[in-house]
Amino acid sequence: MANNHHLHEHFCSDFLDVEPGKAGLFDLICLLFSRDVKARSFIDCPEDRRLRTLRRRWLIFVSTVVQKLLLSCKTPMARVGSAVEMWLNLLSSNGGFGSLLLNLLSGRVARPDRSSATFASMIGSLDTRLDLDKRIQQGDSRYNVALSIMAAKLSYENDAFVQAVVRDSWKMELLGFYNFWNDYQDQYSTQAIMLHDKNPGSEAIVVAFRGTAPFDADAWCTDFDISWYELENVGKIHRGFMRALGLQKSKGWPKELEESSGRGPFAYYGIREKLKDVLKNNEKAKLILTGHSLGGALAILFVGLLALHEEAWILERLEGVYTYGQPRVGDEQFGEYMKEKMRVHNVKYFRFVYCNDMVPRLPYDDKTVLFKHFGTCLYYNSLYKGKMVGEEPNKNYFSLLWMIPENLNAVWELIRSFILPYKEGLEYKECIFMRMLRVVGLVVPGLSAHCPQDYVNLTRLGFLPSSPPLQDPNLQQGFKVE
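Residues numbered from 1 in each chain as written. Predicted model: local features only at pLDDT ≥ 70, side-chain atom pairs only at ≥ 80, totals over all residues. Heavy atoms only, no water.

A. Inspection of the packing of helix H2 (residues 54-72) against helix H8 (residues 217-224) at higher detail. Where H2 meets H8, the axes come as close as 9 Å, and the angle between the chain directions of the two elements is 175°. The angle between H2 and H8 falls in the class roughly antiparallel. Contacts between H2 and H8 involve Ser63, Val66, Gln67, Leu70 and Leu71 from the former and Ala217, Asp218, Trp220, Cys221 and Phe224 from the latter. Counted by class, the contact of H2 with H8 contains 7 nonpolar, 2 polar and 1 charged residues. (Axes fitted to C-alpha atoms, helices over the stretch in contact; angles between N-to-C directions. Helix = DSSP H or I, 4+ residues; strand = E, 2+ residues; numbered from the N terminus. Parallel < 35°, antiparallel > 145°, perpendicular 65-115°, else oblique. Contact = heavy atoms within 4.5 Å. Nonpolar A, V, L, I, M, F, W, Y, C, P; charged D, E, K, R; others polar.)

Right, dumping it as structure tokens:
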């Protein structure tokens, strides 16, 4: 068993710590064939009996192997991602492939600058839309939904890019572009933006957490991790998400940080203090939290930490939480804790899931791994027709029964990419690289479905059936009804 038990015993009563970097081939083989979990150097858990069944050991094995593969590819993934990103920006800076060739011949090639306001991330290059939907204005019940997904998508960009879009295109104020410290990864790896919507009729403060970048091995490892820490009277919560928000080694979640607490700043504490200043100085302002992918998990966990620290007045100012393609955050007890706290403070929580997106179906949900979604899921199919469900279909993604339907749907999504701009307008035209990703989706359907492209589309084109009627008045806002 790993020797970091003392790091957890001060802030959690129970935990499962799996460190893939410490797992050797022999350890992995022994995990499958031996029930002696204590002998495994990469697993730390105070009560190993729960891990002794073959099914539980198999899931730990799969999770560990996937993470080890990702970590082994971390450097080449980063280099490939950087090269692809540079190539996409080189093309856009020079007006396309043809113009780039002419510029090469004439020696007038425009070289992109990664820190400039025109350099787009991989996410931004796949979906180049920057403007808010002009058909959805302040006062429209869909406004916050549409603003949230665009803010979540924008959070993937660099500081100058975000500043230019927020100021010049959206006519809003950027309150902060943040890069937060992760004490466990020993690096700045959690990003977020905060903006103030000053448009007439709106006084919204929007915090958007950055999600999983396509070539970020560490972020993908977090999504596939099944480790957790249990907080007393709260429940079991995903280890990686807590670490990303600023979990303190050996201290957990103190309400206030000591000045000497690590390098910092830490995401939860930094954003909370900024919100206190902003909300105190603007009594009319309401708070919106949002994020895509990993960012969605951080957004809803942020609410949980506010509740844990009894920051009631911030929760009272929270208009809603809008997440897109969010992975599971905790167990059933944590879900019940969150539902009660959101009921008390009248916090609206909308969890959007597009079709076969694989990330909302991670980590695994069964009696073995414990992770559960909570709240109502707004599920949209590939026609952008939505329905409200307790859980998205095929909740664990990896199913032989769903394999054929998933691949057939991926074929349709590729065909749809050519049809949609003719039916709905040129803003829905997909670039060649997004279509290439759709081709990759023929092999791994849930991968291309995770891109913000379809989440932006569903907020603009999606609709919910008019029957049966929506009973909860909180859920009657923000959705186009058929």
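B. Main features of the layout of surface pockets. Looking at the largest pocket, its volume works out to about 1,300 Å³. Elements supplying a minimum of two residues to the lining of the largest pocket: H2, helix H3 (74-93), helix H5 (122-126), strand E3 (173-182), strand E4 (187-197), H8, helix H9 (239-245) and helix H11 (294-308). Per-element tally for the lining of the largest pocket: the top contributor is H3, with 6 residues. Of the residues assigned to the lining of the largest pocket, the class counts are 20 nonpolar, 17 polar and 12 charged. Taken together, 24 residues line the second largest pocket, and the ones lying closest to its centre are Pro214, Phe215, Leu437, Val440 and Leu447. Those elements giving two or more residues to the lining of the second largest pocket turn out to be H3, H5, H8 and helix H15 (432-440). Broken down by element, the residue count for the lining of the second largest pocket peaks at 4 residues, all from H15. Residues that form the lining of the second largest pocket fall into these classes: 21 nonpolar, 3 polar and no charged. (1 Å grid on protein atoms, 1.4 Å probe; cavity = no way out; pocket = protein on both sides within 12 Å on 5 of 7 lines; lining within 4 Å. Points joined across faces, edges and corners; volume = space filled by probe spheres on them.)

C. Structural view of the sheet that holds strand E11 (residues 377-380). Judged by pairing direction, the sheet is mixed, and its 8 strands sit side by side in the order E3-E4-E5-E8-E9-E10-E11-E12 without closing on themselves. Bordering the open sheet on either side are E3 and strand E12 (386-389), each of which pairs with just one other strand. Between one strand axis and the next, the sheet turns by 20° as a mean value, whatever way the strands run. Direction of pairing for strand E8 (residues 286-292) relative to strand E9 (residues 318-324): parallel, over a ladder of 6 bridges. When the sheet's bridge partners are listed, Leu287 is paired in E9 with Leu318. (Pairing = 2+ DSSP bridges.)

D. Fine view of the packing of helix H14 (residues 400-424) against H15. Packing of H14 against H15 leaves a shortest axis separation of 9 Å and a crossing angle of 160°. Between H14 and H15, the angle is such that the two are roughly antiparallel. Of the two elements, H14 crosses H15, and the hand of that crossing is left-handed. Listed contacts from H15 to Glu413, Leu414, Arg416, Ser417 and Phe418 of H14 are Arg435, Arg438 and Val439. (Left-handed = near helix turned anticlockwise from the far one by under 90°.)

E. Representation of unusual backbone geometry. Here the bond from Leu362 into Pro363 is cis, since omega is -20°, no more than 30 degrees from zero. As for its position among the elements, Pro363 is in the loop between strand E10 (348-354) and E11. One non-glycine residue, Tyr384, adopts positive backbone phi at about 60°. Of the residues examined, Tyr384 reaches a relative accessible area of 3% and is grouped as buried. (Buried < 20%, exposed > 50% of the residue type's maximum accessible area, 1.4 Å probe, protein only.)

F. Molecular detail of the sheet that holds strand E7 (residues 235-238). On the basis of which strands lie adjacent, the open sheet formed by 4 strands has the order E2-E1-E6-E7 and antiparallel pairing. Taken across any chain shown, the strands that pair with only one partner, and hence form the sheet edges, are strand E2 (43-44) and E7. As paired elements, strand E6 (residues 228-231) and E7 share 4 bridges and run antiparallel to each other. The partner of Tyr229 across the bridge, within E7, is Ile237.

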